[in-house]
Amino acid sequence: MKPVYIAADNIISPLGNSTAENFEKVRKGISGIRQVTDATFAAEPFYASMFAAGAIPVISNDATRFENLCIASIQHALSQTSITLADAGTLFILSTTKGNIELIEGQPVTDELQHKVSLYNTAKSIAGYFGSVNKPLVISNACISGVLAVVTAGRLLQQGTYRHVVITGADVLSRFVISGFKALNAMSMNECKPFDKQRDGINLGECAATIVLTVDSKLSKGVVVSGGSSTNDANHISGPSRTGLELSYAANTAMQQSEVLPAGLSFVSAHGTATVYNDEMEAKAFSHSGLSAIPVHSLKGHFGHTLGAAGVLESILTCQSLLDGVVLPSRNFGELGVSETINVSKELNKSDKNHALKTASGFGGCNAAVVYSLDDYIDKT
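Note that this is a predicted model, so its numbers are computed, not measured. (Residues numbered from 1 in each chain as written. Predicted model: local features only at pLDDT ≥ 70, side-chain atom pairs only at ≥ 80, totals over all residues. Heavy atoms only, no water.)

## So, the pairing of strand β16 (residues 366-374)
Then step 1. In terms of burial, β16 is largely enclosed, as nine of its nine residues are buried.
Then step 2. Here β16 shows two buried faces, one formed by C366, A368, V370, Y372 and L374 and the other by N367, A369, V371 and S373.
Then step 3. Here strand β9 (residues 223-232) runs beside β16; their pairing, made up of nine bridges, is antiparallel. Directly across from S230, in β16, lies its bridge partner A368.
Then step 4. In terms of strand pairing, strand β15 (residues 355-362) meets β16 through eight bridges, oriented antiparallel. (Buried < 20%, exposed > 50% of the residue type's maximum accessible area, 1.4 Å probe, protein only. Helix = DSSP H or I, 4+ residues; strand = E, 2+ residues; numbered from the N terminus. Pairing = 2+ DSSP bridges.)

## Focus: the side chain of S258
Then step 1. Tracing the backbone through its elements, the reader meets S258 in helix α7 (residues 245-258).
Then step 2. S258 gets classed as buried once you look at its relative accessible area, which sits at 12%.
Then step 3. Polar contacts involving the side chain of S258 include one to the main-chain amide nitrogen of G227, which spans 3.2 Å.
Then step 4. Of the polar contacts made by the side chain of S258, one reaches the backbone oxygen of A254; its length is 2.9 Å.
Then step 5. The residues contacting S258, other than those within four sequence positions of it, are S226, G227 and V371. (Polar contact = N/O pair within 3.5 Å; in protein donor to acceptor, adjacent residues only side chain to side chain. Contact = heavy atoms within 4.5 Å.)

## Things to note about the packing of α7 against helix α8 (residues 276-288)
For any two helices packed against each other, one specifies the crossing angle of their axes together with the interaxial distance.
Then step 1. Between α7 and α8, the shortest axis-to-axis distance is 8 Å and the interhelical angle comes to 50°. Taken together, the axis directions place α7 and α8 in an arrangement best described as oblique. Read as a crossing pair, α7 and α8 show a hand that is right-handed. Packed against α7, whose contacting residues are L245, L247 and S248, the element α8 presents M281, E282, A285 and H288 at the interface.
Then step 2. Residue composition of the contact of α7 with α8, by class: four nonpolar, two polar and one charged. (Axes fitted to C-alpha atoms, helices over the stretch in contact; angles between N-to-C directions. Parallel < 35°, antiparallel > 145°, perpendicular 65-115°, else oblique. Left-handed = near helix turned anticlockwise from the far one by under 90°. Nonpolar A, V, L, I, M, F, W, Y, C, P; charged D, E, K, R; others polar.)

## Structural notes on the sheet that holds strand β6 (residues 164-171)
Then step 1. What the 11 strands build is an open sheet, ordered β5-β4-β6-β8-β1-β9-β16-β15-β10-β11-β13; its pairing is mixed. Of all strands in the sheet, those with a lone pairing partner are β5 (137-139) and β13 (343-344), marking the two edges.
Then step 2. Of the pairings in the sheet, the one linking strand β4 (residues 90-95) to β6 comprises six bridges and is parallel in character. Across the sheet, T90 pairs through a bridge with H164, a residue of β6.
Then step 3. Along the sheet, helix α4 (residues 119-129) makes contact with β4 and β5, crossing β4 at roughly 135°.

## Things to note about helix α10 (residues 310-324)
Then step 1. For α10, with 15 residues, the first-to-last C-alpha span of 21 Å sits near the 21 Å given by 1.5 Å per residue.
Then step 2. A large share of α10 lies buried, amounting to 13 of its 15 residues.
Then step 3. The first or second residue beyond α10 is G325, which carries a positive phi of 65°. (Expected span 1.5 Å × (residues − 1).)

## Topic: the packing of aromatic side chains
Then step 1. The tally for this structure, following the rule as stated, stands at two aromatic pairs.
Then step 2. The ring of Y277 carries R242 above its face, with NZ or CZ at 4.5 Å from the centroid. (Phe/Tyr/Trp six-rings, centres within 6.5 Å; stacked < 30°, edge-to-face > 60°. Lys NZ or Arg CZ within 6 Å of the ring centre and 35° of its normal.)

## Considering the environment of Q107
Then step 1. Here Q107 shows up in the loop between β4 and α3 (111-117).
Then step 2. C-alpha of Q107 to C-alpha of C207: the two residues are 100 residues apart in sequence and 25 Å apart in space.

## Looking at the state of the cysteines
Then step 1. Counted by the stated rule, this structure contains zero disulfides.
Then step 2. Free of any disulfide, C70 has its nearest neighbouring cysteine sulfur in C207, separated by 9.8 Å.
Then step 3. Since its relative accessible area comes to 0%, C207 is described here as buried. (Disulfide = S-S within 2.5 Å.)

## Considerations on the pattern of salt bridges
Then step 1. This model, assessed by the stated rule, comprises 15 salt bridges.
Then step 2. Taking the shortest distance from any N to any O, the salt bridge between K197 and E335 comes out at 3.8 Å. Taken together, the residues span a long stretch of sequence, with K197 in the loop between α6 (175-183) and β7 (204-205) and E335 in the loop between β12 (326-327) and β13 at a distance of 138 residues.
Then step 3. E335 gets classed as partly exposed once you look at its relative accessible area, which sits at 47%.
Then step 4. A salt bridge links E314 to K300; its shortest N-O distance comes to 2.8 Å. Of the two residues, E314 sits in helix α10 while K300 sits in helix α9 (residues 300-303), which places them 14 residues apart along the sequence. In terms of burial, E314 and K300 fall into one category: buried.
Then step 5. Salt bridges here are not isolated pairs; linked through shared partners, they connect R65, E102 and E206. (Salt bridge = Lys/Arg side-chain N within 4 Å of Asp/Glu carboxyl O.)

## Regarding the sheet that holds β7
Then step 1. Strand order across the open sheet formed by three strands is β2-β3-β7, with mixed pairing between neighbours. In this open sheet, the two edge strands, each paired with only one partner strand, are β2 (33-36) and β7.
Then step 2. Sheet topology places strand β3 (residues 46-49) next to β7; two bridges connect them, and they run parallel. Considered in β7, the bridge of S49 is made with G205.

Listed below in structure tokens is the structure:
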């Protein structure tokens, strides 16, 4: 199979407007999460990682706040490479859970509004800004959207359908989104604590992250997508599997495709939402897959749960960690609070291993896993 290379990337979050800036803030233990007291979003204070007013650039007056955020991230990423969306060999994928959903707040539902809120029309508008000649693809599969987008793009590239794929994962917060998670009693009233004994829920976050994949080795930054898989446990509309076997299966399949054993992994970048059930399920999955001794971290303590952006954001930081030979810590972790023994990373450490596993799970029982590898250590035949 053709190797799938990382050609370029970008992260725009409350921590910064580039991958380098975001990565450096995380290395230093800096978080974008703060207490928000804006009644526009919720009557009660809540913790989240949100952009300051006016922080999202207005690149196109015809684009919404969400679309401008995506456009800015894509521009940053494409500026690093010769790849363009105007090329017939390039596909654009939008990974999001809510897109322009904030537009419905306080407005009558009209045909025009329905058009703007449509995820496909949103993706088409973003792609059109860059002169894309191909119809975009939308992947909106709850919280695995970003990881699943990478897996899907990898398959399309390996099949020869396209030569390059530009993936943007993005979501912004609104009263609609926040009220939904509040209704599920899923939000913490403090900073989230993934895998910790005192964890009590998530913090939400805003972000756009773009990763550019290619089959052209000359455009590689030094990392490849070496394996990926998805599963569905069909357990519950919002509750994850109680066994973790389905996420384990996805992780095992990704590692098998990559020809990597658990001992060859530098670390696992977990979904790690800090809810009681998600973290417990992931710990069980890691145990089933023989990953108990491998360092694991969650990045939710820095960015919050960025929904459709999470898998792309965390994939980019996984790749950067491999290139820098480091294992990032899991912020706010103190004491293990899951039933299975896992090796939660407490501090920044060095690593000379060449592979890392990224996992994700979401509503509806969906799970996904992808392995990233330094491209010097893969078979390019």
